[in-house]
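# Secondary and tertiary structure notes
Next come the chains, spelled out residue by residue.
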Amino acid sequence: MGRCRNSIVVEAPISEVWNTIRDFHDLTWASGVVTSMTNPGSLSGDRPGARRILNNVFDETLLSLDDANRTFSYRVDDGPGPLARGTVRDYIGRVHLLPVTENATTFVIWESTFESPNDRAISEMCNPIYQALLVSLRDHFARAR
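Here is a short report on the structure shown in this document.

Cut-offs and rules
- Residues numbered from 1 in each chain as written.
- Predicted model: local features only at pLDDT ≥ 70, side-chain atom pairs only at ≥ 80, totals over all residues.
- Heavy atoms only, no water.
- Phe/Tyr/Trp six-rings, centres within 6.5 Å; stacked < 30°, edge-to-face > 60°.
- Helix = DSSP H or I, 4+ residues; strand = E, 2+ residues; numbered from the N terminus.
- Buried < 20%, exposed > 50% of the residue type's maximum accessible area, 1.4 Å probe, protein only.
- Polar contact = N/O pair within 3.5 Å; in protein donor to acceptor, adjacent residues only side chain to side chain.
- Contact = heavy atoms within 4.5 Å.
- Pairing = 2+ DSSP bridges.

## Points about the packing of aromatic side chains
- Within this structure, the stated rule accounts for six aromatic pairs.
- Centre to centre, the rings of Tyr-91 and Phe-114 are 5.5 Å apart; their planes meet at 5°, and the pair counts as stacked. You can see Tyr-91 sitting in strand β6 (residues 89–100) and its partner Phe-114 sitting in strand β7 (residues 105–115), a full 23 residues away along the chain.
- Judged by relative accessible area, which is 2%, Tyr-91 ranks as buried.
- You can call Phe-114 buried: its relative accessible area is 1%.

Below, the structure is given as structure tokens:
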């Protein structure tokens, strides 16, 4: 089983960070990374089963959203290269927020697990994307302060 795991500390309270990222359809905070987003279907971005297509190539479905534990998970249904349908199985992404109580900041973990004949190719594609998303999230709050 392959795995990607990235994290960052965001200089904002956990409630603010969670309110910014909990809507699966709202990636305005990631404008430098996500250039387009469409939401096929009628489900809102806080309902399991909601779908989104990012940058015209990543087709994803929200699996769970847990406000109490500040986490959500999603499945990649199709994507470019090593993430193409039929090439990778059971690609599950998860975002989890934890409070850093010492200074009222937020520790954000973005990770995924998957089954593939080429775990390395997926990791090489996804780790930089997760890192860019996390930096974009951190910078979003830095600009707001």
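## What to know about the side chain of Ser-116
- Mapping Ser-116 onto the fold places it in the loop between β7 and α2 (119–144).
- Take Ser-116: its relative accessible area is 15%, and that puts it in the buried class.
- There is a polar contact of 2.9 Å between the side chain of Ser-116 and the backbone nitrogen of Asn-118.
- Among residues more than four places away in sequence, those in contact with Ser-116 are Thr-87, Val-88 and Ile-122.

## Some remarks on the pairing of β6
- Bridge analysis of strand β5 (residues 71–78) against β6 gives five bridges, and the strand direction is antiparallel. The residue bridging Tyr-74 from the neighbouring strand is Gly-93, located in β6.
- Where β6 and β7 come together, 10 bridges link them in antiparallel fashion. Bridged to His-96 within β7 is Ile-109.
- Between β6 and β7, which pair antiparallel in sequence order, lie four residues; one of them, Ala-104, sits at a positive phi of approximately 60°.

## With respect to the environment of Asp-46
- Relative to the assigned elements, Asp-46 resides in the loop between β2 (37–38) and β3 (51–54).
- As for Asp-46 and Leu-65, which are separated by 19 residues in sequence, their C-alpha atoms are 6.7 Å apart.
- Within the structure, Asp-46 has its side chain in polar contact with the side chain of Ser-44 (distance 2.5 Å).

Scope: geometric values only; no functional claims are made or implied.
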